[in-house]
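Reading the structure
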Amino acid sequence: MAAKRTMTLNLTDAEMGALEELSEKKELSKTAILRQALRLYQMVDARIERGDKFFFEDETKAKAEVMVL
Amino acid sequence: MSSEVVQLQRRLDGVFVEAALLGGMVPNDFVLVGNEWSAERSVVMQELLQSTLPRQQWPQSLHWDWRRKAPELRLLEAAGFGIVCERQWQGVMLTKSASYVAKLAPDKGKPLVYVDFLEVAPWNWAIPEVGGSGRFRSVGSSLLWRAVEQSEEEGFRGRVGLHSLPQSEVFYERVFGMTPLNRDSAKQNLLYMELSADQAAKLLEKGK
Amino acid sequence: MVNINKSRGPSRDWLLGAADIEDGCRSVSVGGLAAELGMLSSGTTRIKPAFGRLIEFARRNQGLTVEKLAERADVDLAAILEIETDDRAVPEERTVYQLAQALCLPQAKLMELAGLATPKPETSRAALKFAARSEPASKLTRDEREAFEEFVKVLDESSDGA
């Protein structure tokens, strides 16, 4: 495993709540949830930069583009 | 880069030899793999062209180029694993940890390790019709096993997903106990298969 | 930094069973069907392959990984990989310029080879010869080194020192 560096996060109650909820739902530690979030964010950003578009599709097959910076 | 010792069986004499399973491959490694395997690929292609073996039975990774996959390793979610033996890359695998989630109940929506690409070196392919019996066996199995281990390390409890090439569907089901889910029109109609946490636990127990 | 871990892979018995079935599939692989992933370029005699090959050889001749070259030339890693592996790639002018500086290759000639300027006859001839002689491999063989040096010599000689 590569060397790790420590960071302290200040989260609001709502943010911490969301983190805990996701952690329980996905059966992952809070740190792992944040790692996944970072990976996902980077991956989406890279694809958008490449020119791909990011869509959600609902049951009616209607597509709505997700705007991610 | 991480390194662990694995065993590969040499087909010539059935002897198990030690190999290194490396993790944390970097883009240049994929370039080296692509270059290292290209000459043998051409040789196999020539032999197949001159044989009577129908196209559907040709190794389905014949035209791949690992150099093209190199940029993908720059993403956090990507992980490259390879097995080195006798100073050559015997097999390589690219996994993604944030691109897919489990579709199989009861773990639907939970993260898993997705095997994006996996290939064994052309000189290990077993194509008896053109006299290619392959130097080392079970390279693919060893790599896929590592994907299950990676899933455990990530906290994903061994869950793994992949789109199987037609020739290999039987292998994933019988050897790993993966569940076939659906043919994916977004992925050339390949069969999407998943290893659940329970199946992973059974697998790791069986293989001890 | 390499951490050597004890072996924790599957047992030999399991591997033997797996190997039998793996053999039955000819070889196990995961990824898309061949057609979508780009064919190997099979020794054409166009001039374009010479550009990618030249960049690759010049890089390897200096003992550089693709990452190191990207850093040194201040160009995108993906651009270098595309140049080295895709004959159809058309690089940006800035990329070619930067690579010329970083690899000490004549810039104007490199533009010709990249398809950004009309190639002079002597460039085309030398490029075709080089492309025919060189094949991708991990180390430059003596043959490759000779081919590479000969090619660069022609480019240098026919350059205006650009």
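Refer to the structure presented above.
Described below are features of the structure shown in this document. Fair warning: this is a prediction, and the values are worked out from it, not measured in the lab.

1. Side note on the interface of chain B and chain C
Contacts between the two partners involve 60 residues from chain B, matched on the other side by 44 residues from chain C. Every element with two or more residues in the side of chain B that touches chain C is listed here: β1 (2-10), α1 (27-50), β5 (113-120), α2 (139-154), β7 (160-164) and α3 (169-176) of chain B. With 10 residues, the top contributor of residues to the side of chain B that touches chain C is α1(B). Here the residues of the side of chain B that touches chain C sort into 27 nonpolar, 21 polar and 12 charged.

2. Observations regarding the pairing of β1(B)
Residues and elements named next belong to chain B. Two elements, β1 and strand β2 (residues 16-23), share eight bridges in a ladder whose sense is antiparallel. Bridge assignment links Q7 to a residue of β2, and that residue is E18. The loop that links β1 with its antiparallel partner β2 comprises five residues; one of these, G14, has a positive phi angle of about 75°. In this structure, β1 lies alongside strand β6 (residues 136-137), joined through two bridges in antiparallel fashion.

3. A closer look at the environment of B:K103
Residue and element names in this part refer to chain B. Of note, K103 is situated in the loop between β4 (88-96) and β5. In the structure, K103 is positioned 93 residues away from S196 in sequence and 9.5 Å away in space, judged by C-alpha atoms. Excluding residues within four positions of it along the chain, K103 makes contact with K108, L181 and E194.

4. Here we look at the interface of chain A and chain B
Many authors give the size of an interface as the accessible area that is lost as the parts come together. Taken residue by residue, the interface counts 12 residues in chain A and 10 residues in chain B. A per-element tally of the side of chain A that touches chain B places helix α2 (residues 30-50) of chain A first, with eight residues. Grouping the amino acids of the side of chain A that touches chain B by side-chain chemistry returns six nonpolar, three polar and three charged.

5. A short note on unusual backbone geometry
Cis geometry is adopted by the peptide bond preceding B:P106, which originates at B:A105 and carries an omega value of 0°. On the secondary structure map, B:P106 appears in the loop between β4 and β5. Here A:E27, not a glycine, exhibits a phi torsion of approximately 55°, which is positive. You can see A:E27 is positioned in the loop between α1 (13-26) and α2. One non-glycine residue with positive phi stands out, namely B:R87, at about 60°.

6. Some points on the pairing of β5(B)
All names here are of chain B. Among the eight residues that make up β5, eight are buried, leaving the element largely enclosed by the rest of the structure. As paired strands, β4 and β5 are joined by six bridges and run antiparallel to one another. Counted as the bridge partner of T95 is V115 from β5. Across three bridges, the pairing between β5 and β7 is parallel. Each residue of the ladder has a partner; that of V115, found in β7, is L162.

7. A short note on the environment of C:W14
Following the sequence through the fold, C:W14 ends up in helix α1 (residues 12-24). Filtering out sequence-adjacent residues up to four positions away, C:W14 remains in contact with B:K206 and B:G207.

8. What about the packing of helix α5 (residues 93-103) of chain C against helix α6 (residues 107-114) of chain C?
Residue and element names in this part refer to chain C. Two elements in contact, α5 and α6, have axes whose closest approach is 9 Å; the angle formed by their N-to-C orientations is 135°. Here α6 runs oblique to α5, going by the angle between their axes. Relative to α6, the crossing made by α5 is right-handed. Facing V96, Y97, L99 and A100 of α5, the residues of α6 in contact are Q107, L110, M111 and A114. Grouping the constituent residues of the contact of α5 with α6 by class yields seven nonpolar, one polar and no charged.

9. Some points on α3(B)
Every buried residue of α3(B) is accounted for by B:F171, B:Y172, B:V175 and B:F176. Angular distribution of buried residues about the axis of α3(B) spans 95°; they occupy a single face of the element. Tucked inside the fold, the buried residues of α3(B) contact α2, β7, β9 (190-195) and α4 (197-206) of chain B together with α1 of chain C. Of the residues one or two after α3(B), B:G177 is the one with positive phi, at around 75°.

10. Observations regarding the environment of B:A121
All names here are of chain B. Within the fold, A121 resides in the loop between β5 and β6. Of the residues examined, A121 has 24 C-beta atoms within 10 Å and is grouped as buried. As a C-alpha pair, A121 and W37 span 84 residues in sequence and 6.4 Å in three-dimensional space. Here A121 is in contact with W37, Q88, W89, Q90 and G91, once residues within four sequence places are set aside.

11. Brief notes about the packing of helix α3 (residues 66-73) of chain C against α5(C)
Residues and elements named next belong to chain C. α5 packs onto α3 with a crossing angle of 105° between their chain directions and a minimal axis gap of 9 Å. In terms of their interaxial angle, α3 and α5 are classed as roughly perpendicular. Between α3 and α5, the residues in contact are L69, R72 and A73 and Q98, L99 and A102, respectively. Counted by class, the contact of α3 with α5 contains four nonpolar, one polar and one charged residues.

Criteria and cut-off values
- Residues numbered from 1 in each chain as written.
- Chains lettered and ligands numbered in written order.
- Predicted model: local features only at pLDDT ≥ 70, side-chain atom pairs only at ≥ 80, totals over all residues.
- Contact = placed C-beta atoms within 7 Å.
- Helix = DSSP H or I, 4+ residues; strand = E, 2+ residues; numbered from the N terminus.
- Nonpolar A, V, L, I, M, F, W, Y, C, P; charged D, E, K, R; others polar.
- Pairing = 2+ DSSP bridges.
- Buried ≥ 20, exposed ≤ 12 C-beta atoms within 10 Å, placed from the backbone.
- Axes fitted to C-alpha atoms, helices over the stretch in contact; angles between N-to-C directions.
- Parallel < 35°, antiparallel > 145°, perpendicular 65-115°, else oblique.
- Left-handed = near helix turned anticlockwise from the far one by under 90°.
- Arc of directions from axis to C-beta.

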